Every structure is written in structure tokens, then in C-alpha cells.
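Single-letter residue listing:
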Amino acid sequence: MNTITEINPAEAAVSAPFFLRGEVLHGSDVIQKSRDLGVTFATPKVPFDRVVPPRTEVPPLLNVPTTEIMDFLVESGQRMLASDNPYMQECIERMCTHHILPRSVVENTICHAVAYLDKRVLTTVLEQNFPDPRALDMWVPKSDFTGRKSFVRAFAPRLIHVMPGNSPGVAVQSIAQGALVKAINLFKMPSADPFTMVALLRTMADIDPEHPVVKSMSAVYWRGGDDATESVLYRPQYFDKIVAWGGGDAINNVIKYLMPGFQLVSFDPKTSISMVGKEALADDETIDRVADLCAGDVMTLNQEACVASRFQFVEGPQEEVDRFCGRLQFHIARRAAQSGDVRKLDPDMREAVEMMMMMDDEFGVWGKTDGKGLVVRSDEPVDFHPINKTANVVRVDSLDDAVKWINVATQTVGFYPFDRMADYRDRLAAGGAQRIVHLGEAGPSTIGNPHDAMYPLHRFVHWMAHEDGTAIS
């Protein structure tokens, strides 16, 4: 078992080691700073010669059957949740000083994420992403109506994963997906969480440090936008694709390095909304029940996730919509208090809301700007990004009026009443939306469904065709 480096209390910066294909690299060569809290942490220098395997190397997982890969992932998931796992325990302790989310939310997020490492889940994901999953394990024979023969394979890619800082659970999913497509993976950890990925990979290395899954994974940190690092790594001679999560700045930074042979698979910034029909305003009991469902969507990952609702388009007269706003604020505040989230609002957003409070003929505001839960009612979406337990209710005469606000950045639409969803799904898709769900169910999703309007694993692989001529002499 790899030993854990003891943290010296006298040191100002917490150690954040790297993981390099089965080996842990400690060091304090560079003092880094987290994006959200400004907390410092120390990392080694990025060892370019160790994170860039040569193109002549056959990917370690290429000829490992996917069933064996899944078995190893399942075993790893069980070990990740073990109470005596020192890496995950240390990770959670360090996360509590570096992440904006409360400890209970971080712990729950990791636990829920590990549920992805279930053989039924992994099998379904493969079957939904690939018409013929055999292509991951072999050259699948094909022939067309002219008699031409060929073989096709979903070949193991070389991927750089630019990880998000808002959800530590994405690390689990990214490891599993990278393993399922048999990729050589380099994970760029986020400054908000330079711990989870390495803790997960160290857990896997303890099971078998020589396993091809372990030998396919590296995790390092560098400051996003550091051209001295990215100009070296972001090249087609080393990697095939960047799988990028993150905000607009992170995605734009990656785009400038794209070139022929070096592609981007982007989980770029998305905004999710709610559409609430007049049926929700039928009586006080219905208002309270639907407002609670809506608050559940707002507070998904304490409103840090892309699926978390930020704008709620509510159909009805202002007086009744205002009653809905009052109950929505109550349920947001209740959920925030239960999670222990005491973050204050961003100063700019707080100032904008306080200005709205003085314009009560145009806006309605429920709650205070103290970060405990806030609802702003307006006739059009506000011009700031609602976050940190903040909802913007937009009153509309008809849900038809809400459709004009849909665009390609609209990810999830939570809808009520459920029996009207089919009437809107085509128009929402035409506007650019990617997912419509029952109000209150923004978080869970059907296993294997598209994500951000694509089947990601199908995009990750390097599709290779071996043309074998014609069967006709």
C-alpha cells in the first residue's frame, strides 16, 4: 500500500500530490490557489515526460475485455466507500477546507457518484452509447449491399479531461468512462478540488497497481490558461481529444488550441430552468407541493450543478405567482438550512438584488441577501446568473411565452404539469434545449441517456475502419 504523506501543520499550503499511471508523485514545487475560496495548496511540477506516453505505445486497455474492466471498476467502487479507506477520508477532510459546498453535500455527492460503478449501470451505458459494443473489444466485420467487406473498431483514444470544480462526483464518472473506452487518460484536476481524483485512483492502485485501468490513468494540476503547460500538452501528436467541463473561460481557453487531429468534446456551461403551468396555482396545497418540487430542482447540488434550475417561468396572474414565490423561497431556505450551506451571496449579485428591492413596482423579492435562500420575481429573466440558493421567477401569461427564452445553453427543463410535457418537447428541442423532465427530477436521469445532446462515449473513441475489398471476384 502506498503511504500517505503526513501534513506538516506549520505549512501554509496543503499538499496535493499527482497520480502517474500507478505511482503517486509528492512535491511542493508550486504553490497554487483555489478558484473559489483562495486557499493555497502545494503541487509538484508537471512531469511532461511521464504524462505523455509515446504514440508507439499500444494503450494498456486495448485488449482487455470490457467485462473485466467493469469487474475492476465495481471492485474499486466498493473499496472507495469503505470506512477504512484512508485516501477518501483524507480527501474529504481536505475538501472541506477548499470547496464551497458543505461537508454533508460533498460526502453525499461522492457516495451517489460511486453508485455509477455498478455492473448493470456500466453495461447499460455501453449498450446505449454503442449500437454494437463488441467494437470496443474486437474488429467487427461489416459488409454493404455492394459486397464490400470491412472491419470497424472503436479504438482506444488518448484523452485529456479538463475536470469541473463544482461537483467532485464527476471524477468517478470520468474514470469509469475513460476506462470503458479503453483510453489513455490525463485528468487535469480543478483548483476547487485537487484531491478527489487522486484519492480515487490511489484506491484503485491499492487493489492492483499493475492493472491496465490503473496504468491508463494520470491526474495532475496546473493553472488553467498556463500556456507554458498547455502549449506542450494540447497537441495532436500526444492526445486525440480534450474532454472539457467548465465555465465559459475554461472552454474558450481550450478552443484556442484546437487544430486538425485534435478535437474537443465539450460539456460547456449550461443553464437549466423550470416551466410551471397555471395548474400549479389551483389552491394553497397545490402551490406548496409544486413549489417544493421546484425548490428541489433549484437546490440540486446546492445550485452548483448545471441541472440546477435558475429561472422558473410560472404561468398565471401576478398575485397568484407571488404566492408561489413565497412558498418557493420557504422551501429553498429550508433545504439550504438542512444542508448547512451558509455561503454569502456574491457582492455584485447582492447589490443587484438590493436595487430590485427598491423597485417593488417592477420586481418582487422574497428572502434576504444573506445567502439563506432568495427568490426574485420579474417579467423577464434578470441579467445576472442566479446561483447560491437564488431563484428568478419569471411571470408569463402562457408557457408559450417562455419558449422564446430557450437556447442552445438550456440544458434541463423541469416541467409541471406532467401531462403537458409532450406538447412542448418539440418546441423546446427546436430552441436548443437538451432534456425535459418532471419538475422535481432534474437531478436523477435515465441510465445511458444522452448528456448535453450527445452520447459521450461514442464521441470519445477513435473510430477506425479496415476496408477489405469486395467479396465479388
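It should be emphasised that the depicted structure is a prediction, and the values quoted were computed from it without experimental measurement. Throughout, residues of each chain are indexed from 1 in the direction in which the sequence is written. With pLDDT at 70 or above as the cut-off, local features in this predicted model cover only qualifying residues; side-chain atom pairs require 80 or more to be listed or tallied, and sums for whole chains, interfaces and linings still use all residues. Hydrogen atoms and water are omitted, and side-chain values are computed over all heavy atoms in the structure.

Below, the discussion takes up the overall build of the protein chain. Only DSSP runs of H or I with at least four residues qualify as helices, and only runs of E with at least two residues qualify as strands; both kinds are numbered from the N terminus onward. Counting secondary structure elements, the protein chain contains 14 helices and 20 strands. Using C-alpha atoms as the atom set, the radius of gyration is obtained and then compared with a globule rule of 2.2 Å times the number of residues to the power 0.38. The C-alpha radius of gyration of the protein chain comes to 24 Å, within 12% of the 23 Å expected for a compact globule of 473 residues. C-alpha extents for the protein chain along the principal axes are approximately 75 × 75 × 40 Å. Expressed as a percentage of contacts within the protein chain between residues at least 6 apart in sequence, the contacts between residues at least 24 apart total 72%. By definition in these notes, contact holds between two residues if any of their heavy atoms fall within 4.5 Å.

A few words on the packing of helix H10 (residues 284-298) against helix H11 (residues 318-339). Inter-axis angles, ranging from 0 to 180 degrees, are taken between N-to-C directions of lines fitted to C-alpha atoms, where helices are fitted over the stretch in contact. Two elements in contact, H10 and H11, have axes whose closest approach is 8 Å; the angle formed by their N-to-C orientations is 45°. By the criterion of interaxial angle, the relationship of H10 to H11 is oblique. Two packed elements cross with a definite hand, and for H10 against H11 that hand is right-handed. Here Asp284, Ile287, Asp288, Val290, Ala291, Asp292, Cys294, Ala295, Gly296 and Val298 of H10 lie close against H11, whose contacting residues are Arg323, Phe324, Arg327, Leu328, His331, Ile332, Arg334 and Arg335. The classification used treats Ala, Val, Leu, Ile, Met, Phe, Trp, Tyr, Cys and Pro as nonpolar, Asp, Glu, Lys and Arg as charged, and all other residues, Gly among them, as polar. Grouping the constituent residues of the contact of H10 with H11 by class yields 9 nonpolar, 2 polar and 7 charged. An angle below 35 degrees is treated as roughly parallel, one above 145 as roughly antiparallel, one from 65 to 115 as roughly perpendicular, and anything else as oblique. Crossing handedness: left-handed means the near helix sits turned counterclockwise from the far one by under a right angle, and right-handed means the same turn made clockwise.

This part covers the nonpolar core. With 92 residues, the main nonpolar core has Leu73, Ile175, Met197, Met204, Tyr234 and Ile242 as its most contacted residues. With near-sequence residues (within four places) excluded, Met204 lies in contact with Phe72, Leu73, Ser76, Met80, Ile175, Val213 and Val214. Side-chain atoms within 4.5 Å link the members of a nonpolar core, which is a set of buried Ala, Val, Leu, Ile, Met, Phe, Trp, Tyr and Cys residues. Only protein chains enter the calculation, and the probe is 1.4 Å; a residue is then buried if its accessible area is under 20% of its type maximum, exposed if over 50%, and partly exposed in between. Residues Phe363, Val382, Val403 and Tyr424 belong to the second largest nonpolar core, which totals 25 residues.

Here we come to helix H9 (residues 248-255). Of all the positions in H9, only Ile251, Asn253 and Val254 are classed as buried. Buried residues of H9, seen end-on, are gathered within an arc of 160° and therefore sit on one face of the element. Exposed side chains of H9 directed beyond 90 degrees from the buried face belong to Asp249 and Asn252. Residues of H9 that are buried make contact with strand S8 (158-162), helix H8 (227-233), strand S11 (241-245) and strand S12 (263-267). In this description, the arc belongs to the directions extending from the helix axis to the C-beta atoms.

Turning our eyes to something else, we now look at the packing of aromatic side chains. Here the aromatic set is Phe, Tyr and Trp, taking the six-membered ring for Trp, and pairing holds for ring centres within 6.5 Å; pairs whose planes are under 30 degrees apart are stacked, those over 60 apart are edge-to-face, and all others are tilted. Throughout the structure, instances matching the rule amount to 8 aromatic pairs. Ring geometry for Phe41 and Tyr221: centres 5.2 Å apart, planes at 70°, overall edge-to-face. One end of the pair, Phe41, is in strand S5 (residues 40-43); the other, Tyr221, is in the loop between strand S10 (217-220) and H8, and 180 residues separate them in sequence. Neither residue differs from the other here; Phe41 and Tyr221 are each classed as buried. Here Trp222 and Tyr234 contribute two aromatic rings whose centre-to-centre distance is 6.2 Å and whose plane-to-plane angle is 65°, an arrangement assigned as edge-to-face. Taken together, the positions of Trp222 in the loop between S10 and H8 and Tyr234 in the loop between H8 and S11 put the pair 12 residues apart, joining distant regions of the chain. Each member of the aromatic cluster is reached from another via a ring pair, and the members are Trp222, Tyr234, Tyr257 and Phe262. Only when the NZ of Lys or the CZ of Arg is both within 6 Å of the ring centre and within 35 degrees of the ring normal is a charge said to sit over the ring. If you follow Lys188 out to its NZ or CZ, it ends over the ring of Trp222, 5.5 Å from the centre.

The antiparallel open sheet is built from 3 strands, whose spatial order is S6-S7-S20. The two strands at the open ends of the sheet, each matched to only one other strand, are strand S6 (140-143) and strand S20 (462-470). Looking at each pair of strands side by side, their axes are set apart by 25° on average, direction ignored. Strand pairing is defined by DSSP finding a minimum of two bridges between the two strands. Here S6 runs beside strand S7 (residues 148-155); their pairing, made up of 4 bridges, is antiparallel. Paired with Pro141 across the bridge in S7 is Phe151.

What follows is about the sheet that holds strand S15 (residues 364-367). Overall, mixed pairing links the 7 strands, which are arranged S15-S16-S17-S14-S13-S18-S19 in an open sheet. Strands with a single pairing partner mark the edges of an open sheet, and in this sheet they are S15 and strand S19 (435-438). This sheet shows a mean twist of 20° between the axes of neighbouring strands, independent of strand direction. With respect to the sheet, helix H13 (residues 421-431) is in contact with strand S13 (271-276), strand S18 (410-416) and S19, its orientation differing from that of S19 by roughly 160°.

Structurally, Thr390 can be placed in strand S17 (residues 390-396). Each polar contact in these results corresponds to two N or O atoms within 3.5 Å; when the atoms are within protein, one needs to be able to donate a hydrogen and the other to accept it, and residues that are neighboring in sequence are counted only if both atoms are side-chain atoms. Side-chain polar atoms of Thr390 contact the backbone oxygen of Ile387, separated by 3.1 Å. Setting aside residues no more than four positions away along its own chain, Thr390 makes contact with Gln303, Arg310, Leu345, Met349 and Leu374.

Moving on, we come to helix H3 (residues 86-98). What a helix is expected to span follows from its residue count: subtract one and scale by 1.5 Å. An ideal rise of 1.5 Å per residue puts 18 Å on 13 residues; H3 measures up with 19 Å between its terminal C-alpha atoms. Among all positions in H3, only Tyr87, Met88, Glu90, Cys91, Ile92, Arg94, Met95 and His98 are buried. Residues of H3 that are buried sit in contact with strand S1 (14-15), S5, helix H2 (66-80), helix H4 (103-114) and helix H7 (196-207). For H3, the N-terminal capping position is held by Asn85, with its side-chain oxygen 3.0 Å away from the main-chain nitrogen of Tyr87.

Our focus in this paragraph is a negative patch on the surface. Think of a patch as exposed residues, more than 30% relative accessible area, with no salt bridge, where like charges cluster within 9 Å and nonpolar side chains (Val, Leu, Ile, Met, Phe, Trp, Tyr) cluster within 5 Å. Reported accessibility uses the Shrake-Rupley method at a 1.4 Å probe radius. Residues are deemed covered only where the shown protein chains occlude them. Note on definitions: salt bridges are taken to be side-chain nitrogens of Lys or Arg within 4 Å of carboxyl oxygens of Asp or Glu. A residue counts as positive if it is Lys or Arg and as negative if it is Asp or Glu; His and the chain ends are not included. Charge positions come from single atoms, namely NZ of Lys, CZ of Arg, CG of Asp or CD of Glu. Together, Asp360, Asp361, Glu362, Asp379 and Glu380 give the surface a local cluster of negative charge. When you line up the elements, Asp360 lands in the loop between helix H12 (347-357) and S15.

To continue, consider the pattern of salt bridges. What the rule picks out here adds up to 25 salt bridges. Across the pair Glu210 and Lys215 runs a salt bridge whose closest N-O atoms are separated by 3.7 Å. Look at Glu210 and you get exposed, because its relative accessible area is 56%. Residue class for Lys215 comes out partly exposed when judged on its relative accessible area of 25%. Through salt bridges with shared partners, one network takes in Glu304, Asp341, Arg343 and Lys389.

The amide bond that connects Tyr416 to the next residue, Pro417, takes the cis arrangement and shows omega of 0°. Relative to the helices and strands, Pro417 is located in the loop between S18 and H13. A positive phi angle is found at Asn388, which is not glycine, with a value near 60°. Tracing the sequence through the fold places Asn388 in the loop between strand S16 (374-378) and S17.

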